[in-house]
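Structural features, examined
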Amino acid sequence: MSTDQTEPPVTAFMLVKTTPEWLALTVEERVHAFTTQVLPAIEAKTTGVRSRFYDTEFYSVRVTDVWVWEADDHNAYQLLIDALRETPFWDRYFEIVDLLVGTENGYARTYGLEPVTTIST
């Protein structure tokens, strides 16, 4: 990623906890709910967002899952959150425990430096 980019992508770590309503659904019902109730709302309201999903319930009782959302810019991120809040995802299927939002290598952008990263060989 070049430090010359004017507006860095936004990354949000959404820490969530499943609700009893979500857990009462079968796996097939969960997939159906997400693909028919959540994804269409996101696709209708914004572009330039991507997500990854991490299970954490085997290691944490406070947070069962972490959704990593990447948005091309702050506007796309805001539209994403607005879209999610209008679906059962938000506070019905999942309790939003915390949102940690940042930009990758923000310090490097601020100071005109190359990012310092670790590489394992």
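Residues numbered from 1 in each chain as written. Predicted model: local features only at pLDDT ≥ 70, side-chain atom pairs only at ≥ 80, totals over all residues. Heavy atoms only, no water.

Examining the packing of aromatic side chains
Inspection of the entire model under this criterion finds nine aromatic pairs. On the basis of an interplanar angle of 45 degrees and a centroid distance of 5.0 Å, the ring pair of W22 and F94 is categorised as tilted. One end of the pair, W22, is in helix 1 (residues 20-24); the other, F94, is in strand 4 (residues 94-102), and 72 residues separate them in sequence. The pair W22 / F94 is uniform in exposure class, with both members buried. Taken together, the ring pairs in this structure connect W22, F34, F53, W67, W69, F89, Y93 and F94 into an aromatic cluster. (Phe/Tyr/Trp six-rings, centres within 6.5 Å; stacked < 30°, edge-to-face > 60°. Helix = DSSP H or I, 4+ residues; strand = E, 2+ residues; numbered from the N terminus. Buried < 20%, exposed > 50% of the residue type's maximum accessible area, 1.4 Å probe, protein only.)

Focus: the pairing of strand 3 (residues 65-71)
In the case of a regular strand, side chains alternate between the two sheet surfaces. Most of strand 3 sits out of view: six of its seven residues are buried. Relative to strand 3, strand 1 (residues 10-18) runs antiparallel, the two being bridged by seven bridges. Its bridge partner lying in strand 3, V10 is registered against A71. In this sheet, strand 3 lies alongside strand 2 (residues 49-55) in antiparallel orientation, the contact comprising seven bridges. Bridge assignment links R52 to a residue of strand 3, and that residue is V68. (Pairing = 2+ DSSP bridges.)

As for the layout of surface pockets
Any empty space left between atoms is shown by rolling a water-sized probe over those atoms. The calculated volume of the largest pocket comes to roughly 250 Å³. The wall of the largest pocket is formed by 14 residues, among which W22, R30, F53, D65 and F94 lie closest to the centre. The set of elements that each furnish at least two residues to the lining of the largest pocket consists of helix 1, helix 2 (27-45), strand 2 and strand 3. With four residues, helix 2 is the single largest residue contributor to the lining of the largest pocket. Here the lining of the largest pocket is built from residues that sort into eight nonpolar, two polar and four charged. (1 Å grid on protein atoms, 1.4 Å probe; cavity = no way out; pocket = protein on both sides within 12 Å on 5 of 7 lines; lining within 4 Å. Points joined across faces, edges and corners; volume = space filled by probe spheres on them. Nonpolar A, V, L, I, M, F, W, Y, C, P; charged D, E, K, R; others polar.)

Focus on the environment of A44
Here A44 is to be found in helix 2. Overall, the relative accessible area of 66% leaves A44 in the exposed class. Note: C-alpha distance between A44 and D65 (21 residues apart in sequence) is 25 Å.

That is the geometry; function is a separate question.
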